[in-house]
Amino acid sequence: LAVYVGRSPCCVISLMVANSEWIVADTGITAEEYDAVLLYCHRTAGGPDILVVDDISVDERFALDMSSSGFLLPSCVGIPLRGERGSIIGSLCVLDRIARTWEMGQRSALLALGNQVAQTLFLKERIEATNIIASPHGAYADNALHETQGKGSCSVSATSKLAALDRSGDWNWWSDLKTPIPDTSGNVIGVAGIAIDISARKQMEEQLQQAQRMEGIGRLAGGIAHDFNNLLTAILGYSDLTLSALPPDASATTFVRNIRKAAERATGLTGQLLSFARKQEMETQVIALNDLIAELEAILRRVIGEHILLEVSLRADHSLIRINQGQFGQAMINLVANARDAMPGGGILTIDTLDVTVDECNPGTCNLAFGPYVLLTITDTGVGMSEAVQKRMYEPFFTTKERGKGTGIGLAACLTIVQQARGHIDVSSTENEGSVFRIYLPTTLDC
């Protein structure tokens with residue numbers, strides 16, 4: 001395009017890398033002309049303004065740098081390429097093998113093109129920074145030519161989901177504007193285009209749609225929870241009547257008590273559904289964390305399956321905390337389910353409680369008030385998390401699972417529940433080495 005604009009046979013793009021200049025793209029340049037090309041690139045990169053040379057043989061700026069190679073390319077327009085902070089990072093040079101006068105319109109067009117080249121370099125750098133592993137540029141170019149055929153000089157705009165897949169499995173959305181480049185006969189011989197990454201906007205749209213779906217689910221859950229709660233009331237009532245009619249040593253007594261415990265747990269779950277539907281905080285009560293974990297252990301073993309070994313160590317002597325039992329029980333199940341998904345080939349899941357005292361600001365406890373806490377630690381030997389995932393793991397709707405297999409609200413809900421209890425979650429994880437979730441919960445003396 002620069003050759004077309006400048007009506008010249010030669011063009012080159014150079015970049016400054018580690019204080020050295022490198023030609024990264026060229027057209028029409030012969031091996032004998034490279035010394036002259038590097039001279040022009042060096043002068044252009046020295047900036048700060050556009051370099052215009054009509055005839056190097058009479059240009060006093062090159063009196064000390066003239067060599068036989070300079071006469072091979074006596075004319076040049078050099079555009080300095082500027083980085084995001086304004087520093088010169090390279091040059092775009094259009095050259096000719098004859099002395100000539102460069103028109104003002106050509107200079108302005110080449111200057112605008114140089115700015116577009118710099119923006120393209122920024123885009124390329126950002127794309128490479130996301131570790132893109134698939135991008136069919138050839139197919140995109142062919143499609144762009146097809147779209148602009150017969151459009152004359154009209155621009156064609158579109159929003160497309162280009163196949164730009166990064167290593168996290170995300171697809172990039174681009175909004176592009178394509179303009180056909182015709183030859184003297186009006187035939188389209190190329191396409192000039194600008195593409196803008198709108199992935200963030202698309203992500204916000206998807207989150208809004210997800211939030212609207214969750215709102216609909218919440219309304220539905222609220223109605224179901226009311227009806228289900230009525231059924232549970234009957235189950236609890238008849239369980240109490242049956243227990244009062246049975247002798248204490250009857251074999252059926254244990255079964256009825258288990259039925260009542262299951263109904264109580266179901267009541268807690270319906271309470272969560274109602275809370276979710278109404279967006280209200282649930283009531284808290286004082287519970288012993290050790291007792292809650294012991295009660296949940298059988299459920300947690302069923303969640304993780306037989307291919308994972310569960311080790312439970314309840315070492316805390318003072319495990320009384322004020323929290324909503326139903327909510328925190330569900331948070332525990334969410335954390336254990338995440339650990340299970342991180343160990344598809346099996347592994348070890350450890351749940352541990354310990355008495356700790358926070359009396360100084362450490363990296364994992366700076367957000368906590370000084371005082372006694374019970375530390376709940378959940379450790380797995382799974383695939384771990386990258387730093388990028390750890391930065392986003394509490395974002396609502398963010399998930400590393402396949403589409404349709406994760407809501408992305410599990411960890412966000414856990415964080416909310418712990419924070420409502422004036423606690424804190426500290427996470428450390430290394431890829432291929434596992435993850436450790438440390439949950440600090442303030443202890444209480446209330447009964």
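Structure report, in brief. (Residues numbered from 1 in each chain as written. Predicted model: local features only at pLDDT ≥ 70, side-chain atom pairs only at ≥ 80, totals over all residues. Heavy atoms only, no water.)

Observations regarding the side chain of T353
Okay, step 1: You can see T353 is positioned in strand β12 (residues 347-358).
Okay, step 2: Sequence-distant contacts of T353, defined by excluding residues within four places in its chain, comprise L289, N290, I293, S313, L314, R315, A316, V374, L375 and L376. (Helix = DSSP H or I, 4+ residues; strand = E, 2+ residues; numbered from the N terminus. Contact = heavy atoms within 4.5 Å.)

Section: the packing of helix α8 (residues 325-341) against helix α10 (residues 410-420)
When two helices pack together, you describe them by how their axes are tilted relative to each other and by the distance separating the axes.
Okay, step 1: Where α8 contacts α10, the two axes come as close as 9 Å, and the packing angle between them is 140°. Compared by their axis directions, α8 and α10 come out oblique. The hand of the α8/α10 crossing is left-handed. Mapping the contact onto sequence places Q327, F328, A331, N334, L335 and N338 in α8 and G410, L411, C414, I417, V418 and Q420 in α10.
Okay, step 2: When grouped by side-chain class, the residues that make up the contact of α8 with α10 number 7 nonpolar, 5 polar and no charged. (Axes fitted to C-alpha atoms, helices over the stretch in contact; angles between N-to-C directions. Parallel < 35°, antiparallel > 145°, perpendicular 65-115°, else oblique. Left-handed = near helix turned anticlockwise from the far one by under 90°. Nonpolar A, V, L, I, M, F, W, Y, C, P; charged D, E, K, R; others polar.)

Overview of the pattern of salt bridges
Okay, step 1: The full count for this structure, using the stated rule, is 9 salt bridges.
Okay, step 2: Counted as one network, the salt bridges with shared partners bring together D240, R260 and E264. (Salt bridge = Lys/Arg side-chain N within 4 Å of Asp/Glu carboxyl O.)

Things to note about the nonpolar core
Okay, step 1: Counting 41 residues, the largest nonpolar core has F328, M332, L349, I351, L376 and L441 as its most contacted members.
Okay, step 2: Beyond its immediate sequence surroundings of up to four residues, I351 is in contact with I293, L300, L310, E311, V312, S313, M332, V336, L376, T377 and I378.
Okay, step 3: Within the second largest apolar cluster, 16 residues are counted, among which are V12, L51, F62 and L73. (Core = buried A, V, L, I, M, F, W, Y, C linked by side-chain atoms within 4.5 Å. Buried < 20%, exposed > 50% of the residue type's maximum accessible area, 1.4 Å probe, protein only.)

Regarding the packing of aromatic side chains
Okay, step 1: Under the definition given, this model contains 1 aromatic pair.
Okay, step 2: Geometry around F62 places R43 over its ring, the cationic atom sitting 4.6 Å from the centre. (Phe/Tyr/Trp six-rings, centres within 6.5 Å; stacked < 30°, edge-to-face > 60°. Lys NZ or Arg CZ within 6 Å of the ring centre and 35° of its normal.)

Points about helix α7 (residues 289-304)
Okay, step 1: Along α7, the largest kink reaches about 45° and is centred on E297.
Okay, step 2: The complete set of buried residues in α7 reads L289, N290, L292, I293, L296, I299, L300 and I304.
Okay, step 3: Positioned one or two residues after α7, G305 has a phi angle of 85°, which is positive. (Bend = angle between axes of the 7 residues up to and from the residue.)

Focus: the state of the cysteines
Okay, step 1: Taken as a whole and judged by the stated rule, the model has 0 disulfides.
Okay, step 2: Counting only cysteine sulfurs, C93 is the nearest neighbor of C11, a cysteine outside any disulfide, at a range of 8.0 Å. (Disulfide = S-S within 2.5 Å.)

Comments concerning unusual backbone geometry
Okay, step 1: At R7, a residue that is not glycine, the phi angle is positive and equals roughly 50°.
Okay, step 2: Relative to the assigned elements, R7 resides in the loop between α1 (2-6) and β1 (10-17).
Okay, step 3: R7 gets classed as exposed once you look at its relative accessible area, which sits at 55%.
Okay, step 4: Positive phi values are uncommon outside glycine, yet N432 reaches one of about 70°.
Okay, step 5: With respect to the secondary-structure elements, N432 resides in the loop between β14 (424-430) and β15 (434-442).

Examining the sheet that holds β12
Okay, step 1: What the 5 strands build is an open sheet, ordered β10-β12-β13-β15-β14; its pairing is mixed. Every other strand in the sheet has two partners, leaving β10 (308-314) and β14 as the edge strands with one partner each. Taken pair by pair, the neighbouring strands of this sheet meet at an average axis angle of 15°, ignoring direction.
Okay, step 2: Where β12 lies against strand β13 (residues 371-380), 10 bridges are found, and the strand directions are antiparallel. Bridging from a neighbouring strand, V358 pairs with G371 of β13.
Okay, step 3: Along the sheet, α7 contacts β10, β12, β13 and β15; its crossing angle with β10, the most-contacted strand, is approximately 180°. (Pairing = 2+ DSSP bridges.)

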